[in-house]
Amino acid sequence: MDTNLLYILENDTVRLEPLSEEHFEALLPFSLNEPEIWTYSLISAAGEHNLRNYFTQAIEARKSGQAYPFVVFDKTKKVYAGTTRFYEINSAHKTLSVGYTWYGKAHQGTKVNKACKFLLLQFAFEELKMERIEFRADSKNSRSISALQSIGGVLEGVLRNNGCSSSGERRDSVVLSIIKSEWQEQVKAMLQAKLV
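Residues numbered from 1 in each chain as written. Predicted model: local features only at pLDDT ≥ 70, side-chain atom pairs only at ≥ 80, totals over all residues. Heavy atoms only, no water.

Caption draft 1: Structural detail: the overall build of the protein chain. For the protein chain, the count of helices and strands is 5 helices and 8 strands. For the protein chain, the N- to C-terminal ordering of α and β elements is β-β-α-α-β-β-β-α-β-α-β-β-α. Against the compact-globule benchmark of 16 Å for 196 residues, the protein chain has a radius of gyration of 16 Å, which places it among compact chains. Along the first, second and third principal axes, the C-alpha set of the protein chain runs to 45 × 40 × 35 Å. For the protein chain, buried positions account for 48% of its 196 residues. Once local pairs closer than 6 in sequence are excluded, the contacts in the protein chain between residues at least 24 apart make up 61%. For the protein chain, the exposed area adds up to about 9600 Å²; of that, 49% sits on carbon and sulfur atoms. (Helix = DSSP H or I, 4+ residues; strand = E, 2+ residues; numbered from the N terminus. Rg over C-alpha atoms; globule rule 2.2 N^0.38 Å. Buried < 20%, exposed > 50% of the residue type's maximum accessible area, 1.4 Å probe, protein only. Contact = heavy atoms within 4.5 Å. Areas by Shrake-Rupley, 256 points an atom, 1.4 Å probe, with all protein chains shown as cover.)

Structure, rendered in structure tokens:
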């Protein structure tokens with residue numbers, strides 16, 4: 001994946017565009033008014049200073065080829081809804097991870113997450129020719145784990161004590177994945193049906 005290229009992924013529900021400084025003001029209200037969004041995150045964007053650090057880290061990760069962050073635009077509500085990204089991109093092994101995903105409360109529990117995941121999975125498997133997509137979630141974040149399973153994520157196991165939450169506490173991470181054959185044989189059609 002060439003992280004210098006401009007990728008815009010879009011369907012009837014959402015538009016994913018590369019995260020840039022111009023999106024800061026649009027996402028700042030989430031940071032100031034909904035800090036609990038990042039309770040289970042490795043990197044908090046709660047508060048203006050933390051959001052600034054979040055942007056800097058994301059944009060630098062793209063420049064170095066380590067990640068490709070997107071901002072999520074909710075086409076139904078006509079506002080920016082949050083962010084997501086590709087990271088740990090390994091072209092040699094044809095694998096990558098999807099994560100750093102968060103949405104404002106008004107967009108949670110809507111079609112936004114499934115629409116985003118469909119676009120990301122379709123692009124990764126069909127355009128980038130990836131063989132495996134990985135997801136990780138804090139083991140305490142049952143909502144996120146359930147959401148990943150609902151899009152076809154297969155539970156692989158738990159990485160014990162493998163990182164720090166944004167509060168500084170050690171966390172266990174649940175690992176889920178979708179492989180190319182699962183995408184082709186069931187996940188793509190299942191997600192398409194849920195988006196109708």
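Caption draft 2: Here's a closer look at the pairing of strand β5 (residues 95–103). Here strand β4 (residues 79–90) pairs with β5 via 6 bridges, running antiparallel. Looking across to β5, one finds that Y87 is bridged to S97. In the sheet, β5 pairs with strand β6 (residues 132–138) via 3 bridges, with the strands oriented parallel. The partner of L96 across the bridge, within β6, is I133. Regarding the hand of the β-α-β motif, the stretch spanning β5, helix α3 (residues 112–127) and β6 is right-handed. (Pairing = 2+ DSSP bridges. Right-handed = clockwise from strand over helix to strand, strands pointing away.)

Caption draft 3: A look at unusual backbone geometry. One non-glycine residue, K129, lies in the positive phi region at around 60°. Mapped onto the secondary structure, K129 falls in the loop between α3 and β6. Even without a glycine there, the phi angle at N161 is positive, about 55°. Inspection of the secondary structure assignment puts N161 in strand β7 (residues 154–164).

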